[in-house]
Amino acid sequence: MSGLFVAFEGGEGAGKSTQVARLDGWLQEQGISARLTREPGATPAGERIRAIVLDPTSSLTPRAEALLYAADRAQHVETVIRPVLAAGGVVISDRYVDSSLAYQGAGRALSLPKVRQVSEWATGGLVPDLTVVLDIEPAAGLARAAGHRSPDRIEQESLAFHERVRAGFCELAAADPARYLVLDASGDPDELAGTVRGRLAPVVRLLAAR
Ligand code: TYD
């Protein structure tokens, strides 16, 4: 049996890192140690790409931005994600391909099929077993995120941009309900974590029994 790949997606301030940590804690209780990772910036090259894409002074064109996220992802998949999955391990990623489809496709209004094509090429077609979308109203999420630090280049985008991103995530999930779990991120974090656990329980039982 190969490993398990779970991605968390959502707009700014949706609480992804909290839910990643909660899932990791639950897996540890069953003796499963997951590899927690994120995009952009999970590899040494990716950290440098992350600095460019999030720097408010980088004046990137939408295509350059899309290709930088794709480059980060190619490096991430080949050097971090695939080796863990090939060894039968569990990977939990804070953002993955859907972020490019939502932010660059829907947000920047680049062609969705093109962004999808670039992402597929970057990942060699690696798709998560489950993608959890934490859905949040952009105004609320941005306010939450602003409490932590000064806004990065993407957070500085208009509310309309973030509304398109949110709609993008919801459309992706609606098109493939078997592979997505959409949660209202304004809900109680304990309840959200419980719903994620419920969805993953059958496969985690199999992993824990190995
Ligand atoms: P990060 O600080 O990791 O965001 P957060 O903590 O809110 O998840 O910054 C990642 C930013 O990059 C975030 O605004 C979303 C954006 N992004 C894209 O636009 N496209 C992508 O493919 C990815 C992975 C992220």
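Our subject is the structure that appears above.
Values in this document were obtained by computation on a predicted structure and should not be read as measured data. (Residues numbered from 1 in each chain as written. Predicted model: local features only at pLDDT ≥ 70, side-chain atom pairs only at ≥ 80, totals over all residues. Heavy atoms only, no water.)

S.K.: An account of the site of the ligand is needed here, citing residue identities and associated values.
M.R.: In the vicinity of the ligand, 15 residues are found, and the nearest of them are Glu12, Lys16, Tyr69, Ser100 and Gln104. Here Arg73 contributes a side-chain N or O atom positioned 2.9 Å from an oxygen atom of the ligand. Here the ligand, which alone exposes 550 Å², has 92% of that area covered by the protein. Secondary structure elements with two or more residues in the shell around the ligand: helix H2 (44-54), helix H3 (62-86) and helix H4 (97-107). Residue contributions to the shell around the ligand peak at four residues, all from H4. Of the residues that constitute the shell around the ligand, the class distribution is five nonpolar, three polar and seven charged. (Near = heavy atom within 4 Å. Polar contact = N/O pair within 3.5 Å; in protein donor to acceptor, adjacent residues only side chain to side chain. Areas by Shrake-Rupley, 256 points an atom, 1.4 Å probe, with all protein chains shown as cover. Helix = DSSP H or I, 4+ residues; strand = E, 2+ residues; numbered from the N terminus. Nonpolar A, V, L, I, M, F, W, Y, C, P; charged D, E, K, R; others polar.)

S.K.: Could you give an account of the environment of Gln104, with specific residues and numbers?
M.R.: Counting through the fold element by element, Gln104 comes out in helix H4. With 94 residues separating them in the primary sequence, Gln104 and Gly10 have C-alpha atoms 14 Å apart.

S.K.: Got a sec to walk through the nonpolar core? Specific residues and values, please.
M.R.: Membership of the largest hydrophobic core comes to 27 residues, with the highest contact counts inside it found for Phe5, Ile81, Tyr96 and Leu126. The set of elements that each furnish at least two residues to this core consists of strand S1 (4-10), H2, H3, H4 and helix H7 (159-175). Not counting residues up to four positions away in its chain, the partners in contact with Phe5 are Ile81, Leu85, Val91, Ser93, Tyr96, Leu126, Val127, Pro128, Asp129 and Leu130. Counting residues in hydrophobic clusters, the runner-up holds 25 residues, among them Leu23, Ile32, Leu134 and Ala185. (Core = buried A, V, L, I, M, F, W, Y, C linked by side-chain atoms within 4.5 Å. Buried < 20%, exposed > 50% of the residue type's maximum accessible area, 1.4 Å probe, protein only. Contact = heavy atoms within 4.5 Å.)

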